[in-house]
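So the chains spell out like this:
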Amino acid sequence: MLSGCGSNRSSDIRKTESVTDISKDDKDEKLRFNEVSVSFPSVKPHYVDEVETLPDDLKIESTMGSVRDITIKDDYIYYYVNYDSALSAYCKEACIYRQNIAGGSVEKIIDLYLEEGIFVTNLDYDDESLFWTYLKDENIEIVTGDEKPNLYLDRLLNDNVVHCGLIDQSNKYDESDSWKEKIPAEYLDEQSFLIGENDDVTVWNQFEYANDSTKGWYIDCFNKQSGSVSRISANEYGDVVNPLLAGNHIFFLTYRDIKSFTSESDLYDNIYAVNVYTGDVQRVTDNSHGSENSLEATLFFTLEYENGYLFVISADDTVGVDGMVTRNYNKLHYMKIE
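Conventions adopted
- Every chain is numbered independently, its residues counted from 1 as its sequence is written.
- For this predicted model, a pLDDT threshold of at least 70 governs which residues receive local features, and a threshold of 80 or more governs which side-chain atom pairs are given and counted, while totals over whole chains, interfaces and linings are taken from all residues.
- Hydrogen atoms and water are omitted, and side-chain values are computed over all heavy atoms in the structure.
- In this analysis, strands are considered paired if DSSP registers two or more bridges between them.
- Put simply, DSSP marks the helices as runs of H or I at least four residues long and the strands as runs of E at least two long, and each gets a number from the N terminus on.
- In this description, a line fitted to the C-alpha atoms serves as the axis of each element, helices being fitted only across the stretch in contact, and the angle between N-to-C directions of two axes falls anywhere from 0 to 180 degrees.
- Note on definitions: the grid is 1 Å and covers protein atoms alone; a cavity is a set of points where a 1.4 Å probe fits but cannot get out; a pocket is an open set with protein on both sides within 12 Å along at least five of seven lines; lining residues have an atom within 4 Å of a point.
- Grid points are joined across faces, edges and corners, and a volume is the space filled by probe spheres set on the points.
- Under the grouping applied here, Gly and all other residues not named as nonpolar or charged are polar, the nonpolar ones being Ala, Val, Leu, Ile, Met, Phe, Trp, Tyr, Cys and Pro and the charged ones Asp, Glu, Lys and Arg.

### So, the sheet that holds strand S2 (residues 66-73)
Now for step 1: As summarised here, the arrangement of the seven strands in space is S2-S3-S4-S5-S6-S7-S8, forming an open sheet in which the pairing is antiparallel. Each edge of the open sheet carries a strand with a single partner, namely S2 and strand S8 (160-166). Adjacent strand axes in the sheet meet at a mean angle of 20 degrees, parallel and antiparallel pairs treated alike.
Now for step 2: Examined bridge by bridge, strand S3 (residues 76-82) and strand S4 (residues 91-100) share seven bridges and lie antiparallel to one another. Note on S4: the bridge partner recorded for Ile 77 is Gln 99.

What follows is the structure, given as C-alpha cells:
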C-alpha cells in the first residue's frame, strides 16, 4: 500500500497467572540493546516570532525538538523531529535527521516548514525511499462508526519532498476477528486486541474491564500447535505501553516499573521481554533514575519493531525552578531480531 505515491499505581496488583506453560527446549539467550549516543542540534523555532499571541512561557529561544518517530534501515537511523509541538499536536516545523547506526553525530537531511500542521503517524523506509504518513488538522474531529481519518503520504526523493496525497485505506486494516477462532472464549472477555502473530503463536491484549487498564489487564499468548495459553499480568509490571511481538519474545515498555522498584516513591521506565516458548522474563534495560520526589528522570519513548530492528530512544528530563521541563535525548537503543 505504501510502495508508491498514489496511570496511577494500583495498590491491588494481581500476580501473574500462568494458565498453561508454553514450553520449548531452547535455553533463552540474554537480550541486550546496542546503544548509540544521540544529540540533536539546538534550533530557534520560527513560531517564536510568527505567533503574536504566543504566551511568554512558550516563547522558547532554542530547543532540541521532540522526536515524533524513528526508523532504522540498513546502516542508518532516521529521526523525525518536531519543533513546534508545544503549540499543537499538529506541527508545521520539523527536521529529518540521519545517523549511522555505528555511531557518530546526527546529520540533517531536510528542513520541513509546512503551511498547515500535520500529525506524523509513521516514519519508515521501503524499497523506494524514506516516507512518512500523517494526519492533517481536518482530522481533529472525532471519527466514529466505520469512518477512518484521512491519512496522507509524503516521500523524500532526490532530496526533495514529494507529496503523494491521500492513501487508499480500504484494505489498510484487517478488522476481522479471524485470529480469535481457535482461542478459548474465556480469554476473550470484554475487550481483546491483537498485538501480533506468527506461525507458532498469537499474542493479544485482554482487558477484563472495558476501558480500565488499571486492573484485569493481561497479555495473552496462544500456542497454535499445543492449543495452550500463557498469560502475563500487565498490572504486575506497572503502566505498560507498546506491547509487541518480535521474534521469540513479547516486549513491552513500562512507564512505572513496579516490578523492580525499591521504594514507593520510585518512578522510572524499563523494558521487559517474555519468551513466548519458555515464559522466561528478562528486564532488558537497567534504568533506576527517577522518583516522584525527583526533578530528574530518564525516560524511554517510541518502542518499535521495524525492518528487523527493535529500538527505543531515551532522554533525560529535568524540571527547572520555573516548572518547565528540559528534555535531552541521549541514547538510541537497538537490537537486531531476525
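### Some points on empty space enclosed by the protein
Now for step 1: Considered as a void within the structure, the largest cavity measures approximately 60 Å³ in volume.
Now for step 2: Taken together, 11 residues line the largest cavity, and the ones lying closest to its centre are Cys 221, Ser 230, Val 274, Asn 275 and Val 276.
Now for step 3: Among the secondary structure elements, those contributing two or more residues to the lining of the largest cavity are strand S11 (217-223), strand S12 (229-233) and strand S15 (270-275).
Now for step 4: No other element matches the three residues that S11 contributes to the lining of the largest cavity.
Now for step 5: Considered class by class, the residues forming the lining of the largest cavity number seven nonpolar, three polar and one charged.

### Points about the sheet that holds strand S13 (residues 240-246)
Across a sheet, strands are paired by hydrogen bonds formed along the backbone, either parallel or antiparallel in direction.
Now for step 1: The four strands are arranged S13-S14-S15-S16 in an open sheet whose pairing can be described as antiparallel. One side of each edge strand has no neighbouring strand; the edge strands of this open sheet are S13 and strand S16 (281-283). When the angles between neighbouring strand axes are averaged without regard to direction, this sheet yields 20 degrees.

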